[in-house]
Every structure is written in structure tokens, then in C-alpha cells.
Amino acid sequence: MTTTPYQPTQADSALSLSGVLASALPHDIGTAKGSALYTVPAVFSRRPQPRELDLLHSSDAARRLAEAGYSEVELRVSDRRLLITNTNLEELKAGLAHLVGTILREVSEQASVERTNRAEEMDALALIEEHRLEAVRASAAEVRFD
């Protein structure tokens, strides 16, 4: 059995947001009938990995938002979009966007570290298994039926 070294994937690139999807904003923003708070869709730089989604939806991310004064804001994922709920463009420009970017960067970094650690563990286990099989083969080769 041979081991294959860990190969980086696209998931190793940092998860970030490329911008707000203006065409998906509510059509009545800035009008008398428009709501003060709404969902702002932002486009991910790539599709989030499952572990990144778990971390993004964790209580830690919600706590960080609440501690910064955004307790009503939620981060939801829909395909390659981050839906930032109960906010508006003004809050995002005033600091929420920076906080969301920081959360995404930390989520991406943590998921990457976990992937690397898991890959190293798998490599170590594969090496142990390879050594075990070699020992079994060597032991079997010593058997003589004379």
C-alpha cells in the first residue's frame, strides 16, 4: 500500500465575498414603502465547504455579531450566496461588512487547519497500516514448509 501526499484543493483558497448582488436586493429600497431592514445577498468567492458552513452557522458566529451590536443579523447560506438578514446597506458600510469579512476569514482559516490536520492524521494512519502490512508479509515469508 502506498500513500498519496495531501493535495491542496480549491477549498484551500480563503472563503471571501466578492460583493453585494445588487440585482437581488429588494426593489423598494430607498422608497417610502421600503423596509428599513432587509436581506442583503453577497456572492462568495467559491462554494463554501461543509465544515465552513458548520462554522458559519455556529453559535460563535452569532455571538460575535451580537457582541458587535448586530443581534438581529443572521448569516445564512444559499448556494454561492451569503444572505445577511435583518440589515441594510448602511449598516454594512458602517462596519458590519468588515465584521462579516473577518468572520469568514476566520471560518476559512479554521476549516483549512482542520483539513490539514485531518490529512496529516490520515497520512500517519496510512503509514502505520503500510508498516503493519509489511510486517505481516515479512512474517509470512519466513514460514517454511520443509
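Going by the structure above, here's the rest.
Residues numbered from 1 in each chain as written. Predicted model: local features only at pLDDT ≥ 70, side-chain atom pairs only at ≥ 80, totals over all residues. Heavy atoms only, no water.

A. Representation of the overall build of the protein chain. The helix and strand inventory of the protein chain stands at three helices and four strands. Going from N to C terminus, the protein chain has its helices and strands arranged as β-β-α-α-β-β-α. Relative to the compact-globule value of 15 Å for 146 residues, the protein chain shows a C-alpha radius of gyration of 24 Å, a clear excess of over 25%. The dimensions of the protein chain, computed from C-alpha atoms along their principal axes, are 100 × 30 × 20 Å. Burial status across the protein chain gives 25% buried among its 146 residues. Taking the contacts inside the protein chain whose residues are at least 6 apart along the sequence as the reference set, 69% of them involve residues at least 24 apart. (Helix = DSSP H or I, 4+ residues; strand = E, 2+ residues; numbered from the N terminus. Rg over C-alpha atoms; globule rule 2.2 N^0.38 Å. Buried < 20%, exposed > 50% of the residue type's maximum accessible area, 1.4 Å probe, protein only. Contact = heavy atoms within 4.5 Å.)

B. Spotlight on the side chain of Asn88. Examined against the element boundaries, Asn88 turns out to sit in the loop between β4 (81-87) and α3 (89-141). One polar contact links the side chain of Asn88 to the main-chain carbonyl oxygen of Ala36, over a distance of 3.0 Å. One polar contact links the side chain of Asn88 to the main-chain amide nitrogen of Glu91, over a distance of 2.7 Å. In this view, Asn88 contacts Ala36, Leu37, Tyr38 and Val40; residues no more than four positions away in its chain are not counted. (Polar contact = N/O pair within 3.5 Å; in protein donor to acceptor, adjacent residues only side chain to side chain.)

C. Spotlight on the sheet that holds strand β1 (residues 17-20). Here four strands make up an open sheet; going across it, the order is β1-β2-β4-β3 and the pairing antiparallel. Looking at which strands have only one partner, the edges of the open sheet turn out to be β1 and β3 (74-78). Sheet twist, expressed as the mean angle between neighbouring strand axes with direction ignored, is 30°. Taken strand by strand, α3 contacts β1, β2 (38-44), β3 and β4, and its axis lies near 135° from that of β4. (Pairing = 2+ DSSP bridges. Axes fitted to C-alpha atoms, helices over the stretch in contact; angles between N-to-C directions.)

D. Geometry of α3. Taking 1.5 Å per residue, 53 residues should reach 78 Å; α3 reaches 72 Å between its end C-alpha atoms and fits that length. The N-capping residue of α3, defined by a side-chain oxygen 3.1 Å from the backbone nitrogen of Glu90, is Asn88. (Expected span 1.5 Å × (residues − 1).)

E. Quick look at the layout of surface pockets. Taken as a whole, the largest pocket holds about 170 Å³ of empty space. As for the largest pocket, its lining consists of Leu17, Gly19, Val20, Ala42, Ile84, Leu89, Leu92, Lys93, Ala97, Val100 and Gly101. For the lining of the largest pocket, the elements supplying multiple residues, two or more each, are β1 and α3. Top element by residues in the lining of the largest pocket is α3. It accounts for six residues. When grouped by side-chain class, the residues that make up the lining of the largest pocket number eight nonpolar, two polar and one charged. (1 Å grid on protein atoms, 1.4 Å probe; cavity = no way out; pocket = protein on both sides within 12 Å on 5 of 7 lines; lining within 4 Å. Points joined across faces, edges and corners; volume = space filled by probe spheres on them. Nonpolar A, V, L, I, M, F, W, Y, C, P; charged D, E, K, R; others polar.)

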